[in-house]
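Observations on chain architecture
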Amino acid sequence: MRLSALVMSVGINSCLCVLFFILYSVLRKQPRNYEVFLPRRLAAGTSKRRRNKVARYIPSVKWIWKSWRPSEKELMESSGLDGVVFMRMITFSLKVFLFAVIIGIFVLLPVNCFGDQLIVIDYADWSSNSLDLFSVANLKVRSPWLWVHFGAIYLLTAFVCCLLYFEFRYIALKRIEYFHSSKPQPHQFTILVRNIPSSDGNSVSDTVDRFFEENHSSTYLSHVVIHRTSKLRSVVDQAKKLYKKVKHKKPVKKTPMRFFSRKNTPEDHYENVLQEMEQNIRLGQAEVSAPGKEVRAAFVSFKSRYGAATALHMPQSINPTYWLTEPAPEPHDVHWPFFSASFMQKWLAKILVVFACLLLTILFLVPVVLVQGLTNLPALEFMFPFLTLILSMKVVSQIITGYLPSLILQTSLKVVPPIMEFLSSIQGHICHSDIQKSACNKVIWFTIWNVFFATVFSGSAFYKLSVILDPKEIPVKLAVAVPAQASFFIAYVVTTGWTDTLTELFRVVPFMVSYIKRSFEPSDENEFVVPPMRYHRDTPRVLFLGLLGITYFFLAPLILPFILFYFCLAYIVYRNQFMNVYAPKFDTGGMFWPMIHYTMIFSLVLMHAIAIGLFALKKMELATYLLVPLPVCTLLFNEFCRKRFMPIFTAYPAEVLTKRDKEDRNDPRMPEFYDNLVSAYQDPAMLPLRLSGSRSDSLTSPLLSSTEV
């Protein structure tokens with residue numbers, strides 16, 4: 001890609017960013033858009049629908065200061081530890097790339113520019129220059145200036161590893177602090193027990209009660225047996241949708257003539273349907289509660305956190321296949337459909353997920369190959385000779401080679417997070433947070449493989465390199481292929497980083513959906529949904545751009561300012577979204593951080609592998625040998641962090657649990673908490689229907705107000 005094509009891509013994306021910024025600054029002030037741009041504040045009552053018509057149409061930047069102002073403690077109180085971990089990931093990246101920009105732009109870039117391996121830079125016609133002239137490819141074989149890059153690699157590795165250590169320690173301590181500061185939660189006192197052995201003449205509930213009364217008599221409190229409610233849950237969901245539809249319909253006034261008419265009104269029809277569905281639900285609940293419909297699993301609650309932890313980590317039976325225990329998620333985090341699946345269904349689902357991921361990986365090669373074809377203008381003219389006249393136009397060729405490839409790749413990646421979330425949901429996870437973590441992990445490695453490696457080896461190196469069969473040749477092949485794609489990835493950072501982040505701020509899709517709904521169906525201003533943060537969508541994007549920055553740090557340092565600007569933009573935008581838009585649906589207690597840590601370690605090792613291959617190509621034998629210990633030391637550092645900090649993420653220490661239990665003994669609210677804990681893990685599909693009241697999850701209908709439970 002020529003420099004002019006990159007400038008065109010940067011120009012287009014910069015204009016889009018400014019446009020989104022201005023539109024957001026104006027549209028967020030419109031009262032009808034509050035449920036799109038300020039749903040969380042509107043739900044909390046901290047924002048009112050203002051009617052000042054003059055100030056609403058003047059763009060302002062006050063929201064930036066308001067997003068910057070809240071402290072980390074306030075962010076933790078509003079968005080939980082997961083929100084803090086996400087923002088720490090961005091601030092960590094800011095520190096890394098601020099350091100990298102200083103070395104890359106002020107040291108490595110001048111060294112690369114004044115190399116003489118390639119054609120001398122034509123300063124009179126800068127647009128015709130290739131970006132390879134600003135990369136390490138411009139240095140000659142055995143050039144002494146390569147030792148500058150060698151030192152920079154060691155410096156960046158040491159800096160990143162030090163930051164990773166302090167961040168891992170900080171998040172681990174924050175996890176303990178968050179545990180101490182939080183109120184007693186049901187999942188802290190509860191475990192999930194599976195593979196409960198059958199007992200002749202006794203139900204699953206009796207078996208569980210007798211077992212834990214005998215073996216955990218001093219700490220056992222209660223249990224809730226899980227039932228197969230997948231069919232019943234679908235009926236309940238249909239009833240809720242119908243009630244929501246009825247609620248939004250305007251009631252028809254009953255005139256004297258309509259009162260004596262025998263023809264049913266729409267309200268009468270929906271009333272009859274809801275009554276029938278309610279009866280079916282009650283019958284279904286009775287049928288599901290019958291013996292034989294139970295799953296051989298139960299949520300077992302204890303009187304103390306230490307008692308729950310003891311039962312969790314201790315084998316419960318001589319037969320290790322019985323009474324299997326695992327941590328219980330938060331009650332509202334439970335993924336109930338998982339429990340209705342049989343063992344064979346779960347086993348087949350896991351195999352299906354593997355094949356689906358492989359198929360998606362293969363299918364995604366189509367847009368990758370298309371994208372790389374667009375970056376090669378001579379190949380396009382050869383394959384499509386009828387487009388030669390159009391492609392000869394300078395502006396058109398710059399848009400096609402500079403902006404269009406990254407746009408196509410970005411659009412194709414939009415479908416990956418929802419697909420991975422669906423695949424993770426059928427994989428057998430018991431809670432939504434585990435589904436999110438699994439989907440996040442899948443999206444990260446899918447992006448690394450399909451965007452980085454597939455792009456690298458299907459682009460300039462596609463016709464130069466054979467299929468990778470010899471592992472010893474991988475660093476050399478990467479050293480040849482990766483620098484050649486620097487210009488494409490700079491355009492990718494600008495499109496996927498800058499524009500996508502401003503798209504997240506503007507919330508393009510929710511805004512369009514809200515506008516269409518208002519146009520066709522008037523809605524109640526007080527009814528709107530506060531969305532949760534989609535960590536499996538945004539975390540992989542941040543980590544992948546960090547991987548690009550670390551990988552190209554010494555190869556093409558021109559990419560570093562673009563990545564640094566992205567993280568500055570992401571810091572402001574996501575703080576704004578956490579405070580105004582997203583509400584936590586669940587909290588994992590910072591369990592996303594180990595995934596972030598391991599991805600950064602992989603990025604460092606990948607940089608080392610490419611550096612070893614590059615120095616081998618440049619005939620720098622001594623530098624090559626001196627770089628070999630670097631990935632080994634990095635992996636040893638990772639193992640040290642894993643042994644030092646991961647136990648805190650796996651389970652809370654005994655001293656922490658006992659300290660909280662002692663504090664709770666003097667808490668007068670604990671008896672009420674224990675009363676609520678008994679029914680905390682009741683399946684929502686098994687809860688009795690309420691036909692009146694204020695609960696948001698009940699089927700409260702004015703059409704059925706004459707009926708009593």
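All of these numbers come straight from a predicted model, not from anything done at the bench. All residue numbers refer to position in the chain's written sequence, counted from 1. Where totals are concerned, whole chains, interfaces and linings use all residues; where local detail is concerned, this predicted model gives features only for residues with pLDDT of at least 70, and gives and counts side-chain atom pairs only at 80 or more. The basis for every side-chain value is the complete set of non-hydrogen atoms in the structure, without hydrogens or water.

A look at helix α7 (residues 204-215)
Relative to the 16 Å expected for 12 residues at 1.5 Å per residue, α7 spans 17 Å between its end C-alpha atoms, a close match to the ideal helical length. Turning to α7, its buried residues are V204, T207, V208, F211 and F212. When α7 is viewed along its axis, its buried side chains cluster within an angular range of 110 degrees and face the same direction. For α7, the secondary structure elements touched by its buried residues are β1 (190-194), β2 (220-227) and β3 (294-302). For helices the rule is a DSSP run of H or I covering at least 4 residues; for strands it is a run of E covering at least 2, with both sets numbered from the N terminus onward. Each residue after the first adds 1.5 Å to the expected span of a helix. Only protein chains enter the accessibility calculation, which uses a 1.4 Å probe. A residue is then buried if its area is under 20% of the maximum for its type, exposed if over 50%, and partly exposed in between. Here the arc refers to the directions that run from the helix axis out to each C-beta atom. Contacts were defined at the residue level, with two residues in contact if any of their heavy atoms lie within 4.5 Å.

Side note on the UniProt feature "transmembrane region" (unreviewed entry) in the protein chain
Mapped onto the present numbering, the UniProt feature "transmembrane region" (unreviewed entry) falls at residues 6-27, 96-124, 144-166, 347-370, 382-404, 443-463, 542-574 and 595-616. Secondary structure within residues 144-166 divides into 91% helix and 0% strand; the distance between the first and last C-alpha atoms comes to 35 Å. Annotated as 100% helix and 0% strand, the span residues 595-616 places its first and last C-alpha atoms 32 Å apart. UniProt positions are given in the numbering used here, feature names are shortened, and annotations may be inferred rather than shown by experiment.

Quick look at unusual backbone geometry
Positive phi, normally seen in glycine, also occurs at R142, with a value near 60 degrees. For R142, the position within the fold is in the loop between α5 (72-113) and α6 (146-181). Unusually for a residue other than glycine, W323 sits at a positive phi of about 55 degrees. Mapped onto the secondary structure, W323 falls in the loop between α11 (305-313) and β4 (324-327).

Focus: the side chain of S78
Tracing the backbone shows S78 in helix α5. The definition of a polar contact used here is a pair of N or O atoms within 3.5 Å, where within protein one atom must be able to donate a hydrogen and the other to accept one, and adjacent residues in sequence count solely through side-chain atom pairs. A polar contact is formed between the side chain of S78 and the backbone oxygen of L75, at a distance of 3.2 Å. Not counting residues within four places of it along the chain, the set of residues in contact with S78 comprises R40, M579 and P584.

Overview of the packing of helix α17 (residues 394-413) against helix α21 (residues 486-506)
All axes are obtained by fitting lines to C-alpha atoms, using only the stretch in contact for helices, and the reported angles, taken between N-to-C directions, cover 0 to 180 degrees. Running from N to C, α17 and α21 cross one another at 55 degrees; their axes reach a closest spacing of 9 Å. When the axis of α17 is compared with that of α21, the two are oblique. Read as a crossing pair, α17 and α21 show a hand that is right-handed. Taken together, the residues of α21 that come into contact with α17 (itself represented by G402, Y403, P405, S406, L407, L409, Q410 and L413) are F488, A491, Y492, T495, T496 and D500. A breakdown of the residues in the contact of α17 with α21 according to their chemical character gives eight nonpolar, five polar and one charged. Small angles under 35 degrees read as roughly parallel and large ones over 145 as roughly antiparallel, with 65 to 115 read as roughly perpendicular and the rest as oblique. Rotating anticlockwise by less than a right angle from the far helix to the near helix defines a left-handed crossing, while the corresponding clockwise rotation defines a right-handed one. Any residue that is not Ala, Val, Leu, Ile, Met, Phe, Trp, Tyr, Cys, Pro, Asp, Glu, Lys or Arg is counted as polar, Gly included; the first ten are nonpolar and the last four charged.

As for the sheet that holds β2
In this analysis, strands are considered paired if DSSP registers two or more bridges between them. A sheet is described by the order of its strands in space; here four strands give the open sequence β2-β3-β1-β4, paired in antiparallel fashion. Of all strands in the sheet, those with a lone pairing partner are β2 and β4, marking the two edges. The average angle at which neighbouring strand axes cross in this sheet is 30 degrees, direction not considered. Two elements, β2 and β3, share six bridges in a ladder whose sense is antiparallel. Following the sheet pairing, S222 is matched in β3 by S301.

So, a negative patch on the surface
Each patch is built from residues lacking any salt bridge and having more than 30% relative accessible area; the joining distance is 9 Å for like charges and 5 Å for nonpolar side chains (Val, Leu, Ile, Met, Phe, Trp, Tyr). The method behind every accessible area is Shrake-Rupley, applied with a 1.4 Å probe, and residues are considered shielded solely by the protein chains displayed. A side-chain nitrogen of Lys or Arg and a carboxyl oxygen of Asp or Glu constitute a salt bridge if their distance falls within 4 Å. Positive charges come from Lys and Arg, negative ones from Asp and Glu, while His and the chain ends are left out of the count. Positions of charges follow a simple convention, taking NZ of Lys, CZ of Arg, CG of Asp or CD of Glu. A grouping of D206, D209, E213 and E214 is seen on the molecular surface, where their side chains present a negatively charged patch. One can find D206 in helix α7. What makes D206 partly exposed here is its relative accessible area of 41%.

Remarks on the pattern of salt bridges
For the structure on display, the rule yields 20 salt bridges. A salt bridge links E167 to R88, with the nearest nitrogen and oxygen atoms 2.8 Å apart. In this pair, E167 is assigned in helix α6 and R88 in helix α5, connecting sequence segments 79 residues apart. Here the two residues E167 and R88 agree in accessibility, since each one is buried. With a closest N to O distance of 3.5 Å, K174 and E177 form a salt bridge.

Re a nonpolar patch on the surface
A contiguous nonpolar surface patch, about 710 Å² in accessible area, is contributed by M344, W347, L348, I351, V354, F355 and L358. The class of M344 is partly exposed, set by a relative accessible area of 49%.

Some remarks on the nonpolar core
Of all hydrophobic cores here, the largest spans 149 residues; its most connected members are F86, F452, F489, L548, Y552, F553 and F554. The element that contributes the greatest number of residues to this core is α5, accounting for 21 residues. Contact partners of F553, with chain neighbours within four places excluded, come to A100, I103, G104, L108, A152, I153, L156, L560 and M607. Counting 16 residues, the second largest nonpolar core, distinct from the first, contains V193, V208, F211 and A298. Put simply, buried Ala, Val, Leu, Ile, Met, Phe, Trp, Tyr and Cys residues joined by side-chain atoms within 4.5 Å make one nonpolar core.

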